[in-house]
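Topology and contacts: notes
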Amino acid sequence: MDERERQCRIAASRAGRRAAAAGDSTAWFDPLYRAAREADAPADIPWVDQRPNRFLMQWLDRAMPAPCRACVVGCGLGDDAEELARRGFNVTAFDISPTAIDWCRERHAATAVDYAVADFNNLPAAWRGAFDLVVEVYNVQALPLAERAISSAALSSLVARGGRLVAVCRGRSDEESDPKGPPWPFSPKEMALFATEGMTEESFEIIDDPDDEGVVRFLGVYRRVPAD
Ligand SMILES: C[S@@+](CC[C@H](N)C(=O)[O-])C[C@H]1O[C@@H](n2cnc3c(N)ncnc32)[C@H](O)[C@@H]1O
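Here's a quick rundown of the structure.

About the thresholds
Residues numbered from 1 in each chain as written. Predicted model: local features only at pLDDT ≥ 70, side-chain atom pairs only at ≥ 80, totals over all residues. Heavy atoms only, no water. Near = heavy atom within 4 Å. Polar contact = N/O pair within 3.5 Å; in protein donor to acceptor, adjacent residues only side chain to side chain. Areas by Shrake-Rupley, 256 points an atom, 1.4 Å probe, with all protein chains shown as cover. Nonpolar A, V, L, I, M, F, W, Y, C, P; charged D, E, K, R; others polar. Patch = residues over 30% accessible without salt bridge, like charges linked within 9 Å, V, L, I, M, F, W, Y side chains within 5 Å. Salt bridge = Lys/Arg side-chain N within 4 Å of Asp/Glu carboxyl O. Lys, Arg positive; Asp, Glu negative; His and termini not counted. Charge placed at Lys NZ, Arg CZ, Asp CG, Glu CD. Buried < 20%, exposed > 50% of the residue type's maximum accessible area, 1.4 Å probe, protein only. Core = buried A, V, L, I, M, F, W, Y, C linked by side-chain atoms within 4.5 Å. Helix = DSSP H or I, 4+ residues; strand = E, 2+ residues; numbered from the N terminus. Pairing = 2+ DSSP bridges. Right-handed = clockwise from strand over helix to strand, strands pointing away. Contact = heavy atoms within 4.5 Å.

What follows is about the site of the ligand. Of all residues adjacent to the ligand, which total 16 residues, the nearest are Tyr-33, Gly-74, Asp-95, Asp-119 and Val-137. Interatomic distance of 2.7 Å between a backbone N/O atom of Val-137 and a nitrogen atom of the ligand. The separation between an oxygen atom of the ligand and a polar side-chain atom of Asn-139 is 3.1 Å. Burial of the ligand by the protein chains amounts to 94% of its free accessible area of 590 Å². Partitioning the shell around the ligand into residue classes produces nine nonpolar, five polar and two charged.

Next comes the structure, spelled out in structure tokens:
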């Protein structure tokens, strides 16, 4: 990591902590995207790699889910959504940041993805139970622990009968009760929050991140019980 990247991470983390302390935990996302867009510097956004998430790609390559209705939540600059569309999925992708969504449409001008501004804590009713695959990458971990249960349940509510939610998160142990964030890593117990309301855990992996020393990733897959 170079010095600029390190400074951007520190500044973003501070902004996230300030927003959480002020009781408006999502207030820092759009200003961060706006500043990076104005500077034409997507790399100033700590989580933006400008390529699909590698753990998600590895899961897609292994699990080979058939193309279906997919939803990428907190889609950021759209690289995961575009990858799913490239693989034949019918993709809806949304983010709370209007700047991020505008930028997605500009970056992927010929896109087949349906991009939208939406808040996963206030989802359109038509989306509930509407997706066979829901993809959650690094979003709930960017919000304070106190919001974890409600956000995880909101994302699970998007999953259709027989459908799956795949979650990729930074991990911590169950013993570490007060992590410093953002990001606020998930404990294994908290990952189980995705398995509420008729969802069951299909698989749970702990991955040592080869590119980020000392960082552990969790990849959980949760399935809604199919109709009888
Ligand atoms: C850490 S970033 C991860 C972005 C993307 N998933 C990625 O991996 O590049 C968290 C994202 O979640 C979005 N977000 C945060 N709270 C949200 C909410 N309540 N509803 C929708 N999006 C939200 C932010 O705007 C941001 O794009």
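Moving on to a positive patch on the surface. A cluster of basic residues, Arg-14, Arg-17, Arg-18 and Lys-180, forms a positive patch on the protein surface. Overall, the relative accessible area of 57% leaves Arg-18 in the exposed class.

To continue, consider the nonpolar core. Among the nonpolar cores identified, the biggest contains 39 residues, and Phe-94, Trp-127, Val-134, Leu-158, Leu-165, Met-191 and Phe-194 are the most heavily contacted of them. Of all the elements in the fold, those that place two or more residues in this core are helix H1 (3-21), helix H2 (29-38), strand E1 (69-73), helix H5 (98-107), strand E4 (131-137), helix H6 (148-156), strand E5 (159-170) and strand E7 (216-224). Membership of the second largest hydrophobic core comes to 26 residues, among which are Val-72, Val-113, Leu-219 and Val-221.

According to the stated counting rule, one finds 20 salt bridges in the structure shown. Note that Arg-37 and Glu-106 form a salt bridge whose closest N and O atoms lie 2.7 Å from each other. A residue pair is termed long-range when its members are at least 10 positions apart, and Arg-37 in helix H2 and Glu-106 in helix H5 qualify at 69 residues. By relative accessible area, which is 52% here, Glu-106 ends up exposed. Across the pair Glu-202 and Arg-223 runs a salt bridge, and its minimum N-O distance is 3.0 Å. With Glu-202 in strand E6 (residues 199-208) and Arg-223 in strand E7, the pair connects residues that are 21 residues apart, well separated along the chain.

Most of strand E2 (residues 90-95) sits out of view: five of its six residues are buried. Judged from the four bridges that link them, E1 and E2 form a sheet pairing that is parallel. Note that in E2 the partner of Val-72 across the bridge is Ala-93. Note that the unit made of E1, helix H4 (residues 79-86) and E2 has a crossover that is right-handed. In this region the chain leaves E2, passes through H5 and returns to the parallel neighbour strand E3 (residues 114-117); the handedness of that crossover is right-handed.

Right, let's talk about unusual backbone geometry for a bit. The amide bond that connects Gly-181 to the next residue, Pro-182, takes the cis arrangement and shows omega of -5 degrees. Of note, Pro-182 is situated in the loop between E5 and helix H7 (188-191). Looking along the chain, the bond that leaves Pro-182 and enters Pro-183 is cis, with omega of -5 degrees. Relative to the helices and strands, Pro-183 is located in the loop between E5 and H7. Residues other than glycine seldom take positive phi values, yet Asp-40 does so here, at roughly 50 degrees. Backbone geometry places Tyr-138, a non-glycine residue, at a positive phi of 65 degrees. Note that Tyr-138 resides in the loop between E4 and H6. When its relative accessible area of 18% is taken as the criterion, Tyr-138 is described as buried.

Moving on: the side chain of Ser-13. As for its position among the elements, Ser-13 is in helix H1. With residues near it in sequence (within four places) discarded, Ser-13 still touches Gly-181 and Pro-182.

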